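What the coordinates show
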Amino acid sequence: MALVAIYDSGVGGLSIAHEVLRTSPEHDYIFLSDNQAFPYGTKEKQDLLDRSLAIISRLDENFCIDVLIVACNTASTVVLPMLRERFDFDVIGVVPAIKPAAQLSKTKHICLLATPGTIERSYTDELIERFASNCKITKIGSSELVLIAEDKLYGRTLDQSQLDTILEPVIENTEIDVLVLACTHFPLLRDEIEKCFLRNARSVRLVDSGEAIAKRLVSIVGESQQIANANASVIRTALVSAPINQERFTHTLADYGFDELQLLSV
Ligand code: DGL
């Protein structure tokens, strides 16, 4: 049994938590949301490096983790080598699902939906070059969609028409047949995105990296085993870097299996 930390700027880590808890329920999990420094998608590289080092150092001082999942595409494009060099635990990063998208696409025209930071990084260009050089890529960088996902999980009402506007390039270009959800916040809006395409009479496959991360965790810590005792006590702690006053959020955390909320001051 391992202690696994799932780290994101905000609620996006919950889309990854959903997949890994389903596949490997026997481990202890910490969900870490750096809500104090949210959002990451508009930050410069150096700010991401400094912030990740600060918050993961605090985490490391307080918990003896075995694996860190950087459940954030934006951070993963920048901080992975630094974290691997500085800490002893295993570090898993999220890679935009460009490879499976290119394999799935029949038209060989895919759309990459990510934060502005992920869209512009050379890391992303290299992935495209390596795995989708035979595809046309339409890129959408959206911070607004990240906020919409946060709103949803904080129990605020969503304005569906905003999705139509953000996804307009995909709705209008009927050649695009696969959409890569390259920000961990976006799978949390899967239903809304699917409804948006349906409303606009568009058929588009959505792909994300959740399952790949769950598999990577298994390859690092070993095959999933049934919990011997259904009442076995496992850790399911959520950490936030700034206080949260919405009660709805604690319900959301509970829905994802995290029954304890603590402040990790950085
Ligand atoms: N969830 C994050 C990602 O996967 C970033 C969201 C943000 O803080 O902008 O890129």
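In the block above lies the structure referred to throughout.
Presented here is a report on the structure given in the accompanying data block. The shown structure was predicted, so the numbers you read here are calculated from the model rather than taken from an experiment.

Description of the state of the cysteines
Counting across every chain of the model gives zero disulfides. Cys 196 carries a free sulfur, and the closest cysteine sulfur to it, the one in Cys 111, is 12 Å from it. Note on Cys 196: relative accessible area 0%, which makes it buried.

Some words on the environment of Ile 56
Note on placement: Ile 56 falls in helix 2 (residues 45–62). With a relative accessible area of 0%, Ile 56 lands in the buried category. Residues Ile 56 and Lys 195, spaced 139 residues apart in sequence, show a C-alpha to C-alpha distance of 37 Å.

Topic: the packing of aromatic side chains
With the rule as written, the count across this model stands at four aromatic pairs. Here the aromatic rings of Phe 87 and Phe 89 are separated by 5.1 Å at their centres, their planes lie at 10°, and the arrangement is stacked. Look at Phe 89 and you get buried, because its relative accessible area is 9%. Where Tyr 154 meets Phe 249, the ring centres are 4.5 Å apart and the plane angle is 10°; that geometry is what we call stacked. Of the two residues, Tyr 154 sits in the loop between helix 8 (144–153) and helix 9 (160–166) while Phe 249 sits in helix 13 (residues 247–255), which places them 95 residues apart along the sequence.

What counts, and where the lines are drawn
Residues numbered from 1 in each chain as written. Predicted model: local features only at pLDDT ≥ 70, side-chain atom pairs only at ≥ 80, totals over all residues. Heavy atoms only, no water. Disulfide = S-S within 2.5 Å. Buried < 20%, exposed > 50% of the residue type's maximum accessible area, 1.4 Å probe, protein only. Helix = DSSP H or I, 4+ residues; strand = E, 2+ residues; numbered from the N terminus. Phe/Tyr/Trp six-rings, centres within 6.5 Å; stacked < 30°, edge-to-face > 60°.

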